[in-house]
Every structure is written in structure tokens, then in C-alpha cells.
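So the chains spell out like this:
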Amino acid sequence: MSTDDMKKGSVEVIPDINEDFSAWYTGVVRQAKLADYTTLKGCMVIRPYGYALWENMQAHLDARIKATGHVNAYFPLLIPESLLAKEAEHVQGFAPEVAWVTHGGEKELEERVCIRPTSEAIICSLYSKWIQSYRDLPVLINQWANVVRWEKVTRLFLRTTEFLWQEGHTCHRTEAEAINEALKMLEVYERFYAEDLAIPVLKGLKSQSEKFAGARDTFCVEALMKDGRALQVGTTHDLGQHFAKVFDITFLDEDESQKYVWQTSWGVSTRSVGAVVMTHGDERGLRLPPRIAPVQVVIVPILFDRSREETFHYCSYVGEILSEFRVELDDSDKSPGWKFSEHELRGVPLRLEVGPRDMEGDQVTMVRRDTGEKRPVLIEDLPGVIKETLDLVQDELYRQALVYREERTFRVKTLAELSDGLEEVRGFHHAPWCGDVICETRVKEETKATIRLLPFDQPEEKGACLVCGKDGRWEAIFARAY
Ligand SMILES: [Zn+2]
């Protein structure tokens, strides 16, 4: 690399977002230092900047989970095979991806244990001990944990062998209460994505073939990424009494009869970091929503030898009056141009440039990452303007993502139309579906698109199934997905 290239900054080597989205994604994740690969295939390391982003997201979601009455606990990483195997559908669903521990030190274990791919089995086995009476209900527990799924094809944040998530596991006295819980948490997820991550999501029901192994119904939130592919970013499951019967979770009801509890589980993972990258990123790198950005404001001094000390002094003062925000002062000895590119790559929402002219005018030059808009702001107005502008950036990112999704939402009537549509512009395609898995599979084979969800708002007239022409039972949303 020549010195000229160095001055332009590392942004130059991010692959073109319009040419190769997948290479762009990996390039941005690695160069913005969110995450990196390790020598163990499929295992990624979340680097400090990526972890700070995840921590901010986690803090918002955790607050929302607690505000709806849930408490956190921590269950073991290891699950005995006999526990996991209790529920056939569940174990079959996860069997291909389970990692097994067979030895403790040198000694072979009498019973192998798995590293949790999800925690229903271990948690249900404990709930059966803890729950005796209707007075013990509801149980509303969440855990923040790592899980392992031995994936064949992996991609940073989107599909990794080990990932971080929260998993909620609840028990209820009545069926209605459990269904209500699953829908309530779906709404919590919807608002978390919309308000904290500036990502508009669709919510609805999964088709039976796409639901969680062991669930009666799975509900989901789905987002549209910048390459027109869908990403499932959260699910909630109505487990019915399925696990309760297998793990014998019963309670003595007020009427003195023994009953099985009704259960739900729900989760959001580090995949949501990938969703932020692929929803908001652009040709220069990340664009982070201010509410979750590890650094909301970066101060970049424009240094000249004779005013060097004075500039640093001025910048420190600016940092002090902005102490209510997450502020970073870039006092490294790199060129201003290099720094601009670097902080754009990292997606810092606002940049404040401080040069001699700014100091003369008791101002800074504020630059928005989302729009590139640049304007002087007087020091005395600065905290107020920053607060206001961060809100504007947050709203603007959401608005752009929503416009993008609307531009890529289509209505098709036949399989041929869907197939042509997907070739032309990828996105969400609404189409009538008879509800038969044969038609669903046919769509998948011919177009690689799957039913992402069955929206809750269903039209009165659905039209004829896009494959077989029989009466549509559902309006389904199809897309190619991650
Ligand atoms: Zn059909």
C-alpha cells in the first residue's frame, strides 16, 4: 500500500456494496473490528467494539424484558443426553447440530452430555421440581447465555457455531395466558428492533414446516437486509403443554386438580448485530443507530503545529460539556482524512471537527454520518444540538430502512410471477397460499424462497394459491432468506 492509500484510509479496501454484498458484509465486520474468525472453523471472536455494540443492545433488550415482569437466571451449559432425548421432536430437530462431550479429562463418561443448543430440556427438568401449586405461576424467567450449534456453513454474527443470546422460558396456568405471553414478547422484540436498532420488522406466524422443533406455533419478527434477503431476527414459541407432559411439569390448581402448565420460550441472538450492519451500512461502512452506538460522537482535532496545544485543550473542553453522551476524542497522530474515513467505517453517528477557524468562532463543525450533512454549531448550543441531532439520526435510519422495505415489497399471484419477481428485485413477496406443505416445498425448490411469515393482518379475500390454484387459506410472505 502506498502512503497515498494509507492517507485515504482503510475504507478503500471494503468491497463494493453493490457488486458483492456478501464480501462487503464480511469486510465491514472485520475492518470495523466488530468480529473476526478464529482457527476453529465457525467460531468467531467478538472484538471490543463489536462487544460494546452488543452490550448496548443487550442493555436495551434486558430492560424491556424486565419491564414486562421477567427475571434473569442462569442454567448449566451441559445437558445430559437422557434429558435432551426425552422429547423426540425436539431432539430430532437439533440432532444434526448438537456438540457432545464424551470425556471428563481422560475418563469416558457413562452418559454423554451435550452443550446446550437451546435450554428447554434442562430448564423444564427444573421447573417440574419448582412448580407445585397455581400459586407458583406464572414463572417468567430469562437467561443470557451462549449456545452451540454445529453449523456446516457459517458467517460472522449470522450463523456461528457458538453464539450469544437471551432465551426466555415461561410457565402459565392457562392456555390463553401462554399465547398472550408469546405474542407480548413478539411485540417487545418488534419495539426493540424499531426503537433501539432503527430496524422495521414484520411480525407474524411461521408455517408449520418452519416452526421450532417441539413448539405448537412459532411467531417471528423478520427484517429485510440491503441485498433484499430476509433475516429472521427473533422468535417466540407457543409450546402448548408438549414439554410439560414430557417433563411432568404439573401444578395443583385452585379446584384441587392436577394440571399441566402451558409454556412459552423466546429468543434473540447476536445475529441482531448482523442485522444492524446489513440494514444500515453503506459503501463507506457501518452506520450505527445512536441509541446503541458504542461511540455517539467523535471529536477530531485538525492540528497545526502552532495551535496544537490550544486545539487539544479546546477539544477536551468540548468533550467535557458533552459528558452526557458517549464521546471519543481521537487524539492519534493520523491525518484528519484518515480519521474521517475510519470513524465513518465504524459508523459513529456524529463527528465534530475542530480546526483554527472553529476555535476562532467558538464553534465546532458537526458532520452527520447518515446524511453527510455538515454545519457549524456554536459551543454554547452544542449539548442541545447534539441531543436533537442524535434523535434525528436515529429516526432517519429507521425511515430509510422502512422506505427501502416498502420499495421492495411486492404482490404476486403465481409461482411464475414470484420466480420472475425474485430474479428482478429481491424482497418480500406477498402471495396467497393454500396452507399445504407440498405447495410450500415446490416454491422453495423452484425459487429458493421460503415462507418467512404469515402476517397477523390477513386480507378478507386471499385469492387462489400461487402454486395449486386452490382457495388460499393464508396470505404468505415469501423471500430468500439468510
Ligand atoms: Zn396450494
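Everything below is about the structure shown above.
Residues numbered from 1 in each chain as written. Predicted model: local features only at pLDDT ≥ 70, side-chain atom pairs only at ≥ 80, totals over all residues.

Observations concerning the packing of helix 14 (residues 415–424) against helix 15 (residues 437–447)
- Between helix 14 and helix 15, the least distance of the axes is 10 Å, while the angle of their chain directions is 35 degrees. The interaxial crossing formed by helix 14 with helix 15 has right-handed handedness. Residues Leu415, Leu418, Ser419 and Leu422 of helix 14 touch helix 15, and the partners they reach there are Val443, Glu446 and Thr447.
- By residue class, the composition of the contact of helix 14 with helix 15 is four nonpolar, two polar and one charged. (Axes fitted to C-alpha atoms, helices over the stretch in contact; angles between N-to-C directions. Helix = DSSP H or I, 4+ residues; strand = E, 2+ residues; numbered from the N terminus. Left-handed = near helix turned anticlockwise from the far one by under 90°. Contact = placed C-beta atoms within 7 Å. Nonpolar A, V, L, I, M, F, W, Y, C, P; charged D, E, K, R; others polar.)

Describing the sheet that holds strand 16 (residues 327–329)
- In space, the five strands of this open sheet follow the order 16-15-17-18-19, with mixed pairing throughout. The two strands at the open ends of the sheet, each matched to only one other strand, are strand 16 and strand 19 (374–378). The mean inter-strand angle of the sheet, taken between neighbouring strand axes irrespective of direction, is 25 degrees.
- The pairing of strand 15 (residues 297–301) with strand 16 spans three bridges and is parallel. The residue of strand 16 that forms the bridge with Val297 is Val327.
- On top of the sheet, helix 10 (residues 308–321) reaches strand 15, strand 16, strand 17 (350–354) and strand 18 (363–368); it is set at about 165 degrees to strand 15, its chief contact.
- Each of strand 15 and strand 17 is contacted by helix 11 (residues 336–345), which is oriented at about 170 degrees to strand 15, the strand it contacts most. (Pairing = 2+ DSSP bridges.)

Remarks on the pairing of strand 18
- When strand 17 meets strand 18, the two strands line up antiparallel, connected through four bridges. Across the sheet, the residue bridging to Leu350 is Arg368, located in strand 18.
- Relative to strand 19, strand 18 is paired through five bridges, and the arrangement is antiparallel. Residue pairing for strand 19: Val364 is matched across the bridge by Val377.

What about the sheet that holds strand 14 (residues 262–269)?
- Ordered by their spatial adjacency, 11 strands build an open sheet running 3-7-8-14-11-10-9-22-23-21-20, and the pairing between neighbours is mixed. Each of the sheet's edge strands pairs with one partner strand only, and the pair in question is strand 3 (71–72) and strand 20 (409–411).
- Across three bridges, the pairing between strand 22 (residues 450–455) and strand 23 (residues 474–479) is antiparallel. Paired with Ile451 across the bridge in strand 23 is Phe478.

Regarding the pairing of strand 17
- Strand 17 sits mainly inside the fold: five of its five residues count as buried.
- What you see with strand 17 is no split at all: Leu350, Leu352 and Val354 on one side and Arg351 and Glu353 on the other are buried throughout.
- The pairing of strand 15 with strand 17 spans five bridges and is parallel. By the bridge assignment for strand 17, Val300 is matched with Glu353. (Buried ≥ 20, exposed ≤ 12 C-beta atoms within 10 Å, placed from the backbone.)

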